[in-house]
There are 2 protein chains.
Amino acid sequence: MTIKYNNVYVNGTGTVTGPYESNGPLSKYFDKSYDDLYMGAKTWEQAEIKMLGDSVDILLSKVKKLKDHIDLFISGDLLNQIVVSNYTAAYLKIPYIGIYGACSTSAEGIILAASLINSNQINNCICAVSSHNTAAEKQFRNPTEYGAPKPHRSTFTCTGAASIYLSNKKDKIKIEAGTIGKVVDSGIKDVFNMGAVMVPAAAETIYRHLTDLKREPMYYDLIVTGDLGIYGKRILIDYMKTEYGFDISSNYDDCGVMLYDINNQPVYAGASGPASSALVTYAYIMNKMKKNELSKVLMVATGALMSQTTTNQKMTIPSIAHAISLEVVE
Amino acid sequence: MTIKYNNVYVNGTGTVTGPYESNGPLSKYFDKSYDDLYMGAKTWEQAEIKMLGDSVDILLSKVKKLKDHIDLFISGDLLNQIVVSNYTAAYLKIPYIGIYGACSTSAEGIILAASLINSNQINNCICAVSSHNTAAEKQFRNPTEYGAPKPHRSTFTCTGAASIYLSNKKDKIKIEAGTIGKVVDSGIKDVFNMGAVMVPAAAETIYRHLTDLKREPMYYDLIVTGDLGIYGKRILIDYMKTEYGFDISSNYDDCGVMLYDINNQPVYAGASGPASSALVTYAYIMNKMKKNELSKVLMVATGALMSQTTTNQKMTIPSIAHAISLEVVE
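Cut-offs applied
Residues numbered from 1 in each chain as written. Chains lettered and ligands numbered in written order. Predicted model: local features only at pLDDT ≥ 70, side-chain atom pairs only at ≥ 80, totals over all residues. Heavy atoms only, no water. Salt bridge = Lys/Arg side-chain N within 4 Å of Asp/Glu carboxyl O. Buried < 20%, exposed > 50% of the residue type's maximum accessible area, 1.4 Å probe, protein only. Helix = DSSP H or I, 4+ residues; strand = E, 2+ residues; numbered from the N terminus. Pairing = 2+ DSSP bridges. Least-squares fit on C-alpha atoms with pLDDT ≥ 70 in both. Contact = heavy atoms within 4.5 Å. pLDDT = per-residue confidence, 0-100. Axes fitted to C-alpha atoms, helices over the stretch in contact; angles between N-to-C directions. Parallel < 35°, antiparallel > 145°, perpendicular 65-115°, else oblique. Left-handed = near helix turned anticlockwise from the far one by under 90°. Nonpolar A, V, L, I, M, F, W, Y, C, P; charged D, E, K, R; others polar. Buried area = accessible area lost by both parts, 1.4 Å probe. Disulfide = S-S within 2.5 Å. Core = buried A, V, L, I, M, F, W, Y, C linked by side-chain atoms within 4.5 Å.

Things to note about the pattern of salt bridges
Under the criterion given, the structure shown has 24 salt bridges over all chains. Taking the shortest distance from any N to any O, the salt bridge between A:Glu293 and A:Lys288 comes out at 3.2 Å. The partner of B:Lys291 in a salt bridge is B:Glu293, and the shortest N-O contact between them spans 3.8 Å. You can call B:Lys291 partly exposed: its relative accessible area is 48%.

Next up, the structure:
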């Protein structure tokens with residue numbers, strides 16, 4: 001389901017990361033980075049809350065707004081009951097919509113915000129996401145003290161928080177359209193193979209987006225997913241070609257691959273987590289758009305929708321992808 | 001933040017419950033009830049998934065629509081990573097937005113759907129919520145085998161699923177306005193006192209709604225919260241009077257109190273869970289509206305935004321409330 005917008009602009013972003021991300025190739029694009037995973041807080045969960053609050057504070061100062069000027073805060077994260085977003089909303093005291101779409105949350109929030117802004121139901125909105133490597137590992141997999149080894153095809157939950165301020169005030173980058181995805185369950189149960197799990201959802205959403213808007217893949221200077229990792233990235237290129245007849249091999253990349261130096265950092269197949277697509281898009285891709293090095297970008301955020309409980313009950317892993325079309329305003 | 005709608009109608013609802021709810025005073029209003037908490041499934045989580053799927057299937061048959069006719073499915077529940085909604089979305093194959101607002105989820109979903117329908121960005125939407133007593137107890141509190149006693153002021157997570165079909169097709173009941181709440185944290189840490197935890201958020205949202213629309217409490221034939229329970233209900237009446245100067249003592253009730261026969265069922269201070277406000281509103285209150293026994297209703301869904309992890313870390317419990325104004329169309 002695709003919605004077009006003609007009045008929604010990106011006026012600013014705020015990005016905060018942990019140490020692995022600031023040691024990666026995109027380091028210089030982030031607004032703030034912490035050297036360790038506790039970030040001065042008592043627990044990893046509280047560190048993630050601190051990071052998300054930081055990202056919104058940085059964003060507010062960049063767009064020169066006070067909290068009182070913000071109509072709506074839409075946020076989501078990986079922790080149970082999206083507590084990072086909830087506590088950040090308590091700190092911000094802005095009307096709040098909590099959402100969950102695993103790593104697809106960034107695009108989900110932007111689509112909701114853009115729909116409300118484009119129809120003049122609100123004037124502006126801050127959308128935010130976060131993830132924290134060890135807080136997520138502890139919750140979704142084994143106690144981190146085990147140091148359990150994982151297969152190479154695993155992804156590495158990134159540590160970061162990213163916020164974006166959208167409004168109807170004209171600016172360099174606009175949200176041109178959004179596609180809300182369907183949940184796809186291809187029957188995979190392997191929680192260490194998220195790339196493969198999410199490929200059919202990513203492909204379905206890209207296909208739906210292009211078909212709804214009567215576009216070819218080459219309409220976009222760049223199509224990025226977040227996050228399939230190095231193996232999922234290869235699978236998606238094949239899958240788009242064989243299932244839908246679309247060739248994305250020349251203008252497609254994956255945020256999970258872009259965030260790290262995969263060959264030299266201990267991050268398995270690349271980054272995952274809601275923050276990954278947002279960090280790469282807001283900090284790096286939008287920077288290239290501002291410099292006119294990219295004009296049209298399709299960001300496809302992908303989420304694997306399992307929980308620790310459904311994994312223990314040997315259930316399959318459903319997945320979803322939402323897409324947003326970003327465009328440089330002439 | 002209040003949004004007014006002039007083109008959003010309730011065309012149908014689907015309600016499914018467990019045994020405690022069908023033994024309560026509203027039994028005859030529900031579409032379907034199960035006699036036991038497993039409902040023929042292997043686990044409580046899978047029972048909840050079955051129940052939510054049932055409620056949507058019942059709704060689709062009542063409004064005479066196929067899944068393909070539905071533009072959007074918005075859903076949320078209490079289980080980690082809202083897996084009940086995710087698996088139901090995988091079954092439905094309708095474009096999906098996953099949300100989380102604890103027991104405020106019902107109103108949160110309706111506000112998002114109404115905003116998208118009112119601005120003609122979508123034509124129709126199904127919003128759904130669910131909760132399951134033992135699945136939630138197991139996740140949020142102690143292993144159910146402990147049979148741990150709880151204080152009287154505790155609430156009892158109801159077992160049920162409720163879906164509502166909204167569209168721009170004129171019908172007897174309209175969604176007239178929605179108020180998106182702010183998160184309020186009044187510093188309470190007692191997870192057995194949810195009524196008290198959520199009162200300040202409920203009061204803030206009712207006050208904001210009435211003030212934004214320049215209305216007095218008596219504008220509404222009925223103001224209902226979901227769910228404060230018997231103690232929270234009394235506190236809210238006092239709190240509205242002393243903090244905001246609004247007297248709601250004569251036209252206010254609480255869905256958590258209405259769902260059960262509190263004096264004769266083992267449900268402590270009353271129902272909680274996202275399904276509670278939805279079951280009572282869709283099945284009972286809307287029935288009264290259709291019979292013209294009620295004309296204007298303000299439904300205020302309240303959510304406590306903690307997780308098991310934040311409880312263990314002795315953090316305070318933030319809460320939120322979203323409100324929707326329902327009106328009989330003349």
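A word on the pairing of strand 13 (residues 296-304) of chain B
All names here are of chain B. Taking burial as the measure, the 9 residues of strand 13 include 8 buried ones, the bulk of the element. As judged from the 5 bridges shared by strand 10 (residues 222-226) and strand 13, these two strands associate in the parallel manner. Residue Thr225 lies in a different strand from strand 13, and its bridge partner there is Val300. With 9 bridges connecting them, strand 13 and strand 14 (residues 319-328) associate as antiparallel partners. Counterpart to Met299 in the pairing with strand 14 is Ile324.

Focus on the relation of the copies chain B and chain A
You can overlay chain B on chain A at an RMSD of 0.0 Å; the transform is a turn of 180 degrees with a shift of 0.0 Å along its axis. The two molecules are tied by a two-fold rotation axis, judged by turn and shift. No C-alpha of chain B approaches the rotation axis more nearly than that of B:Ile99, which lies at 2.0 Å. A share of 100% of interface residues in chain B that are also interface residues in chain A marks the association as one of identical surfaces.

Some details on the side chain of A:Ser55
Residues and elements named next belong to chain A. Along the chain, Ser55 turns up in helix 2 (residues 44-62). We classify Ser55 as buried; its relative accessible area is 0%. Once residues within four sequence positions are removed from consideration, Ser55 is found in contact with Gly14, Val16, Ala161, Ala162 and Ser163.

A few points about the confidence of the model for chain A
Of all residues in chain A, 100% attain a pLDDT of 70 or more, and the chain-wide mean is 97. Quick note on the complex model: pTM equals 0.98, ipTM equals 0.98.

Quick look at the packing of helix 6 (residues 194-212) of chain A against helix 7 (residues 229-244) of chain A
All names here are of chain A. Contact geometry of helix 6 with helix 7 gives a least axis separation of 9 Å together with a crossing angle of 45 degrees. Relative to helix 7, helix 6 is oriented oblique. Crossing handedness for the pair helix 6 and helix 7: right-handed. Across the interface between the two elements, Gly195, Ala196, Val199, Pro200, Ala202, Ala203, Glu204, Ile206 and Tyr207 from helix 6 touch Gly232, Ile235, Leu236, Tyr239, Met240 and Tyr244 from helix 7. Considered class by class, the residues forming the contact of helix 6 with helix 7 number 12 nonpolar, 2 polar and 1 charged.

Points about the interface of chain B and chain A
You'll often see interface size given as the accessible area lost when the parts meet. Facing 54 residues of chain B, the contacting portion of chain A comprises 54 residues. Taken over both partners, the interface formed by chain B and chain A buries close to 4300 Å², and the fraction arising from carbon and sulfur atoms is 65%. Summed over the three residues of chain B that lose the most area to chain A, namely B:Gln81, B:Tyr87 and B:Gln121, the buried surface amounts to 16% of that side. Secondary structure elements with two or more residues in the side of chain B that touches chain A: helix 2 (44-62), helix 3 (83-92), strand 5 (96-98), helix 4 (105-118), helix 5 (133-140), helix 10 (308-312) and strand 14 of chain B. Split into classes, the residues belonging to the side of chain B that touches chain A amount to 29 nonpolar, 18 polar and 7 charged.

What about the state of the cysteines?
Across all of its chains, the model carries 0 disulfides over all chains by this definition. You can see A:Cys158 has no disulfide; the closest cysteine sulfur is in A:Cys103, sitting 8.1 Å from it. A relative accessible area of 0% places A:Cys158 in the buried class. Just so you know, B:Cys255 is unpaired, no disulfide at all, and the nearest cysteine sulfur is the one on B:Cys158, 9.9 Å from it.

A few points about the nonpolar core
Counting 132 residues, the largest nonpolar core has A:Phe73, A:Leu236, B:Phe73 and B:Leu236 as the members making the most contacts within it. Excluding its chain neighbours within four sequence positions, the residues that come into contact with B:Leu236 are B:Val199, B:Ala202, B:Ala203, B:Ile206, B:Thr225, B:Leu228, B:Ile248 and B:Tyr252. The next biggest cluster of nonpolar side chains, apart from the first, holds 116 residues, and it includes B:Met1, B:Leu72, B:Cys127 and B:Ala278.

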